[in-house]
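Each chain is listed here by its residues.
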Amino acid sequence: MNIAGFPLLSLLTWLPMVGVAVILCVRGDEETVAENARWTALWTSLIVFVLSLVLWAKFDGAEPGFQFVESVSWLPEYGVGYRMGVDGISVLFVLLSTLLTPICVLSAWEAIHARVREFMIAFLVLETMMVGMFSALDFVVFYMFFEGVLIPMYLIIGIWGGPRRVYASVKFFLYTLTGSVLMMLALLAMWVQAGTTDIPTLLRTDFPVGMQYWLFLAFFASFAVKVPMWPVHTWLPDAHVEAPTAGSVILAGVLLKMGGYGFLRFSIPMLPQATTYFAPMIFALSVVAVIYTSFVALAQTDMKKLIAYSSVAHMGVVTIGLFTLNVQGISGGMFQMLSHGIVSAALFLVVGVIYDRMHTRDIDRYGGLADRMPNYAFVFMIFAMASIGLPGTSGFVGEFLVVVGSLKVNFWLSLLGGMGMILGAAYTLYLYRRVVFGRLTKPDLRGILDLSPREMAVFAPLVVLALWMGIYPTSFSRYFDASVSAIVDHHAAAIASSVKVASTSGAGH
Amino acid sequence: MMYAIAVFSPLVGCLIAGLLGRSIGGRAAQGVTIGFMILAAICGVTAFVENTWYDAEQETVPLLSWVVSSTLHADWALRHDTLSVTMVGMVTFIATLIHIYSVGYMAHDAYPVYRFFSYLSLFTFAMLMLVTADNLLQLFFGWEGVGLASYLLIGYWYDKPSACAAAIKAMIVNRIGDLAFVVGIALVFFTFGSIEFPAIFGAIEQHQNDLYGLFGTNFRAYEVIGVLLFIGAMGKSAQIGLHTWLPDAMEGPTPVSALIHAATMVTAGVFLMARMSPIMSYAPYALAFVAVIGGTTAFFAATIGCAQTDIKRVIAYSTCSQLGYMFVAAGVAAYQASIFHLFTHAFFKALLFLSAGSVIHAVSGEQDMRKMGGLWRHIPLTYTMFWVGSLALGGVFPFAGYYSKDAILEASYASGTLSGMYGFWCGLLGAFLTAFYSWRLIIMTFHGKPRADHHVMEHVHESPFVMTGPLILLAIGATVNGFVFRREFIGEGWPEFWRGAIVITANNHVLENMEHLPGWVGLAPTVAGLTGIALAYLAYMFVPSIPPAFARVFRPIYLLAYNKWYFDELYDFLFVRPTFWLARNLWQIGDATLIDGAPNGMAEIAAGSSRQVVKIQTGSIAVYAFVMLIGVVLLLGLYMLVR
């Protein structure tokens, strides 16, 4: 379903590289270079975003298979090819990536003033990697993008980060790399088994059950770190705290979704028996994540760390949803990922606004901002409510569907997984009260300025999306409904056939 | 169409005032919100009147699809049946009066006033969405919407730490109930395959024997659903256990308290029980639970009300107690009586709160009744309003509360169930206490010698007409609503009035049996009420030494009531402190020490051992040659030995 053979996905993937080339060509003094780099990055990412809207318009939600498929022969003798395509699971993640990149560029406009050129290059490279990762249809290509994301992110944290940036970036790199090495082994094993790395073919391949368990654990090592699931989550708060605002936004908005996407693209459809077998373990870890990290969030004194922990809790809800293996649960997990992509990204921007002004993330240094920054208080309130999952905001739809989906599995899973509703309200409102409410007593806050027009422009699309996704979620869920149903049906069929095999072989004895 | 206008015009008012308030100014924002509220009230009350006396068409208004996931459908729609219309009429009418009253009450407030009016309209809109929902999810939208609005309004004076704390408390306590509610909704979907009311109510017969396994046994699914939904209702309607937020909610401006306690928010739980009556009616054990909790709350909150000295706090506990009555009625499947009391209560409770606001306004913001007294000559109109409200609350003939409270007590007696009898006796005791604390409030506030200092007394003045006007309208409602609507709500006309909006089982004859009760049952509430009034006069007017003596002799009882049965202290000890303790320890010990210990330790070992290894590289060729020689000798020696 390629529009007149036009390689749209490749264009989206590689266009940011053109921007990189342009930025590299600029000569002149530092100020000129910086200014040029900013504008080039903004325009490139905006063009990519506008082009990606073609996906929004032309994607056929009723069709569960891959669309906009491109295929170029690469290493045919090994069954490896450069193949791109999107289905309902990935298309919205592509859009999320292309949307958040210009927002990040804009948010870093004044916040970054050292090595602006390199920063913008890193971001454009990051965009290429993200879009490529979500649209790759070949496992090797996917793996390259999946790992490629690490490099610019590592640099963004390590160069433009806070005081402990080196510790944080190395921790981030090592955690994710450890998982990835195991995934590469799984990839090789799959290739040996199936003779190809073509994802659609792998999706149709039946892997032996004994092998599935090992493959699942290998994938799990990689994706669980990315999500991140408890107890491999501690790299995230450190990375967030040290990363510059824009880095946090992409990290929370897109990079965490790579784990959930991986589960949904590889683990669940390719390894059905292992998925059923390991689901209880995932539920246990996720419930612990929801409750444990919510408690930890309550004790934080650093705003970014608090939101980072809340991300872990929210992603716990996602993994519960994905492994319920019913339509409501998976749709809920998908929706929660998209919503979290918007809301937590926005919350990091919200923190960034006052960090840029006061250069501290310490909650105790604030209080009473509502007085001086009414617009800021309003925007913050909307995202706080969306994070809590108030109906009418994007956060509610996913959470509710996950509760419904998990009740089909188990009552207690539903109740405990829903604990985030209470604890989330506690830590979010407690944060809001300490930062925005209260009497304005700190002298250095008296002169603080409300949102600038540039900041308004950054927040406006996110506010619209958070409410739109909450009030009319159908315009998003229609993209993935068919694909999710297909995954659920495929899984049920695979389990049913394996049960049949088991029962016939049992009868033979 | 008219119905949609009634629901959405508060939203329009809210958005205009909220988003443009700063540019158009406070006055204009007030005008806009009140204009839209009046429009809503006209439409809402007309719809109610048409439905009550002109048998108007009942047609659901579809709006937009909302959450769709495979077989799960929930659409935005406005349900139009008697239950919804009654609530819409009542909510729009009372909320409009509260808006108008607020113009006077908030006139001297330091904050920009547009924010307040925007929130008030948001509150009204959320409540209207709740009562007109056609599925459980939209109901939950309104449910959380009123939660948000109450959070914003309770914390309206955001530089007051107590207000911020109360706002958060309201939200979190409510959320505890909400979690049960959401799981209940999920269970409804699990049982019925739908969360749309028409689909659920149409399939009641098929699923009534469905079982659901929990705690290792099988329960009837309806019982589990009933209990889960009721836990949700307990949070929103402040029933014992989840009630602690309501008395604190008076940290907000007084009109907000009136809105929370009368028209919106707390009545949502009672409404939910009536709305889900098709399921609840078939869940006898869940109903028994409802009645027991309701009865307990009715009594327990009334005892606290007798010992409080803050004028708003007394009325707040009275709300808690009155909600208990409504749940007693719901618990004996007399939903009609429960909604009837909700309806009459809305008027007299709004009246009482707004009158209390008028008193507070008169005495320069003082809320402690021990610093009032002797006010009745100065503010006679407010004094009269208090009498009307208290007569209605105390259930004195012919005021509205007489009809509705009597109906609840009679219904609970007539039900013949054990839980119903429990509700009856709790309610009867509660009626006595209600009358007692109401007149205790009147006497302490208005009679006796002035206890305020003379500066305050000099400034005591009757409120402006913009405040007293709404009071008079509410007083009329509190007086006549009982006998005007008795026949429709609970009398022989109820099937034509409710038109299927409330479903009871075929063998439920509670309303019929009410007519054939022993004579004393009908008289008992009135006797209890009059005794309470008499006792209040005796103790606070004629023999003022009684209360201190009582407090001395029965010190534990007095302290229990005065300290609100120690619920806040207990919860602080059981939940709040352990939560923060756990939070700190999970972070410092769990994350920082245990989980991060492994990778940091490994990094430490790697770095440490490489530091040790580095020492071998001395750079001295002699040492290297020596080590090499030893190595060669060792290898050769080994070789010899093995060979």
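Scroll up a little and you will see the structure.
This report concerns the structure included in the present document. (Residues numbered from 1 in each chain as written. Chains lettered and ligands numbered in written order. Predicted model: local features only at pLDDT ≥ 70, side-chain atom pairs only at ≥ 80, totals over all residues. Heavy atoms only, no water.)

## Re the overall build of chain A
At step 1: Along the backbone of chain A there are 22 helices and 2 strands.
At step 2: Compactness check: chain A gives a C-alpha radius of gyration of 22 Å against a globular reference of 23 Å for 509 residues, within 12% of the reference.
At step 3: Projecting the C-alpha coordinates of chain A onto the three principal axes gives extents of approximately 85 × 55 × 40 Å.
At step 4: By the burial criterion, 67% of the 509 residues in chain A qualify as buried.
At step 5: Here the analysis covers contacts within chain A between residues at least 6 apart in sequence; of these, 82% occur between residues at least 24 apart.
At step 6: For chain A, the exposed surface amounts to about 16300 Å²; the carbon and sulfur share of it is 69%.
At step 7: Separation of charge centres in chain A, based on 28 positive and 29 negative side chains, amounts to 6 Å. (Helix = DSSP H or I, 4+ residues; strand = E, 2+ residues; numbered from the N terminus. Rg over C-alpha atoms; globule rule 2.2 N^0.38 Å. Buried < 20%, exposed > 50% of the residue type's maximum accessible area, 1.4 Å probe, protein only. Contact = heavy atoms within 4.5 Å. Areas by Shrake-Rupley, 256 points an atom, 1.4 Å probe, with all protein chains shown as cover. Lys, Arg positive; Asp, Glu negative; His and termini not counted. Charge placed at Lys NZ, Arg CZ, Asp CG, Glu CD.)

## Observations concerning the pairing of strand S3 (residues 211-214) of chain B
At step 1: With burial as the criterion, only one face of S3 of chain B is covered, namely that bearing Tyr 212 and Leu 214 of chain B; the residues Leu 211 and Gly 213 of chain B on the opposite face remain uncovered.
At step 2: Adjacent in sequence and paired antiparallel, S3 of chain B and strand S4 (residues 217-220) of chain B are bridged by 2 residues, among which Phe 215 of chain B carries a positive phi angle near 55°. (Pairing = 2+ DSSP bridges.)

## Some points on the packing of aromatic side chains
At step 1: With the rule as written, the count across this model stands at 94 aromatic pairs over all chains.
At step 2: The interplanar angle of 80° and the centroid separation of 5.0 Å between the aromatic rings of Phe 134 of chain A and Tyr 261 of chain A together place this pair among those described as edge-to-face. Taken together, the positions of Phe 134 of chain A in helix H4 (residues 116-135) and Tyr 261 of chain A in helix H12 (residues 257-270) put the pair 127 residues apart, joining distant regions of the chain. Tyr 261 of chain A matches Phe 134 of chain A in its accessibility class, with the two residues each being buried.
At step 3: Geometrically, the ring pair formed by Tyr 571 of chain B and Phe 575 of chain B is edge-to-face, given 5.5 Å between the ring centres and 65° between the ring planes. One end of the pair is Tyr 571 of chain B and the other is Phe 575 of chain B, both in helix H27 (residues 567-595) and 4 residues apart, which spans about a single turn.
At step 4: What makes Phe 575 of chain B partly exposed here is its relative accessible area of 48%.
At step 5: Over the face of the ring belonging to Tyr 430 of chain A we find Arg 434 of chain A, whose NZ or CZ atom lies 3.8 Å from the ring centre. (Phe/Tyr/Trp six-rings, centres within 6.5 Å; stacked < 30°, edge-to-face > 60°. Lys NZ or Arg CZ within 6 Å of the ring centre and 35° of its normal.)

## So, the side chain of Lys 349 of chain B
Residue and element names in this part refer to chain B.
At step 1: Looking at where Lys 349 falls in the secondary structure, it is placed in helix H16 (residues 335-362).
At step 2: Nearest to the buried, unbridged Lys 349 among oppositely charged side chains is Asp 310, at 13 Å.
At step 3: Reaching out from Lys 349, the side chain makes a polar contact with the side chain of Thr 319 at a distance of 3.1 Å.
At step 4: Contacts of Lys 349, omitting those with residues within four sequence positions, involve His 261, Ala 262, Ile 315, Ser 318, Thr 319 and Gln 322. (Salt bridge = Lys/Arg side-chain N within 4 Å of Asp/Glu carboxyl O. Polar contact = N/O pair within 3.5 Å; in protein donor to acceptor, adjacent residues only side chain to side chain.)

## Digging into helix H1 (residues 8-25) of chain A
Residue and element names in this part refer to chain A.
At step 1: Taking 1.5 Å per residue, 18 residues should reach 26 Å; H1 reaches 26 Å between its end C-alpha atoms and fits that length.
At step 2: The largest bend along H1 measures about 35° and falls at Trp 14, with the proline Pro 16 one to four residues further on.
At step 3: Buried within H1 are the following residues: Leu 8, Leu 9, Ser 10, Leu 12, Thr 13, Leu 15, Pro 16, Gly 19, Val 20 and Ile 23.
At step 4: Where the residues of H1 are buried, they touch helix H2 (30-58), strand S1 (67-75), strand S2 (80-86), helix H3 (88-107), H4 and helix H5 (139-148). (Expected span 1.5 Å × (residues − 1). Bend = angle between axes of the 7 residues up to and from the residue.)

## Some points on the packing of H12 of chain A against helix H15 (residues 327-358) of chain A
Each pair of packed helices gets described by two things: the angle between the helix axes and the distance between those axes.
Residue and element names in this part refer to chain A.
At step 1: Relative to each other, H12 and H15 sit at 160°, their axes nearing to 10 Å. Classified by the interaxial angle, the pair formed by H12 and H15 is roughly antiparallel. Where H12 crosses over H15, the two elements pack in a sense that is left-handed. Contacts between H12 and H15 involve Lys 257, Gly 260, Tyr 261 and Leu 264 on the former and, on the latter, Ile 330, Met 334, Met 337, His 340 and Gly 341.
At step 2: Of the residues contributing to the contact of H12 with H15, the split by class is 5 nonpolar, 3 polar and 1 charged. (Axes fitted to C-alpha atoms, helices over the stretch in contact; angles between N-to-C directions. Parallel < 35°, antiparallel > 145°, perpendicular 65-115°, else oblique. Left-handed = near helix turned anticlockwise from the far one by under 90°. Nonpolar A, V, L, I, M, F, W, Y, C, P; charged D, E, K, R; others polar.)

## Regarding helix H24 (residues 519-542) of chain B
Residue and element names in this part refer to chain B.
At step 1: With 24 residues, H24 extends 33 Å between its outermost C-alpha atoms, agreeing within 8% with the 34 Å of an ideal straight helix rising 1.5 Å per residue.
At step 2: A bend of about 25° at Pro 525 is the largest found in H24.
At step 3: Among the residues making up H24, those that are buried are Val 521, Ala 524, Pro 525, Ala 528, Gly 529, Gly 532, Ile 533, Ala 536, Tyr 537 and Ala 539.
At step 4: Taken together, the buried residues of H24 touch helix H17 (380-394), helix H18 (400-415), helix H19 (418-446) and helix H25 (546-553).

## Notes on a nonpolar patch on the surface
All names here are of chain B.
At step 1: Together, Leu 535, Leu 538, Met 541, Phe 542, Val 543, Ile 546, Phe 550, Val 553, Phe 554 and Ile 557 give the surface a local cluster of nonpolar side chains, amounting to about 880 Å² of exposed area.
At step 2: Every element with two or more residues in the nonpolar patch is listed here: H24 and H25.
At step 3: A total of 4 residues in the nonpolar patch trace back to one element, the largest contributor, which is H24.
At step 4: Relative to the assigned elements, Met 541 resides in helix H24.
At step 5: You can call Met 541 partly exposed: its relative accessible area is 33%. (Patch = residues over 30% accessible without salt bridge, like charges linked within 9 Å, V, L, I, M, F, W, Y side chains within 5 Å.)

## Overview of the pattern of salt bridges
At step 1: Evaluation of the coordinates by the stated rule reveals 22 salt bridges over all chains.
At step 2: Among the salt bridges present, the one from Arg 439 of chain A reaches Asp 159 of chain B, with a minimum N-O distance of 3.8 Å. Here the residue Arg 439 of chain A occupies a position in the loop between helix H20 (420-435) and helix H21 (453-471), and Asp 159 of chain B occupies one in the loop between helix H5 (136-154) and helix H6 (161-192), the pair thus bridging two chains.
At step 3: Of the charged contacts, one joins Arg 175 of chain B and Glu 144 of chain B as a salt bridge, the two residues approaching to 2.5 Å between their closest N and O atoms. Here the residue Arg 175 of chain B occupies a position in helix H6, and Glu 144 of chain B occupies one in helix H5, the gap between them amounting to 31 residues.

## Focus on the interface of chain A and chain B
At step 1: Taken together, the contacts link 63 residues of chain A with 56 residues of chain B.
At step 2: Counting each side, the surface lost to burial between chain A and chain B is near 5300 Å², with a carbon and sulfur contribution of 73%.
At step 3: Run the count over chain A and chain B and you get 1 salt bridge.
At step 4: Remark: the boundary between chain A and chain B carries 11 residue pairs in polar contact (both at pLDDT 80 or more).
At step 5: Its residues assigned to classes, the side of chain A that touches chain B shows 41 nonpolar, 14 polar and 8 charged. (Buried area = accessible area lost by both parts, 1.4 Å probe.)

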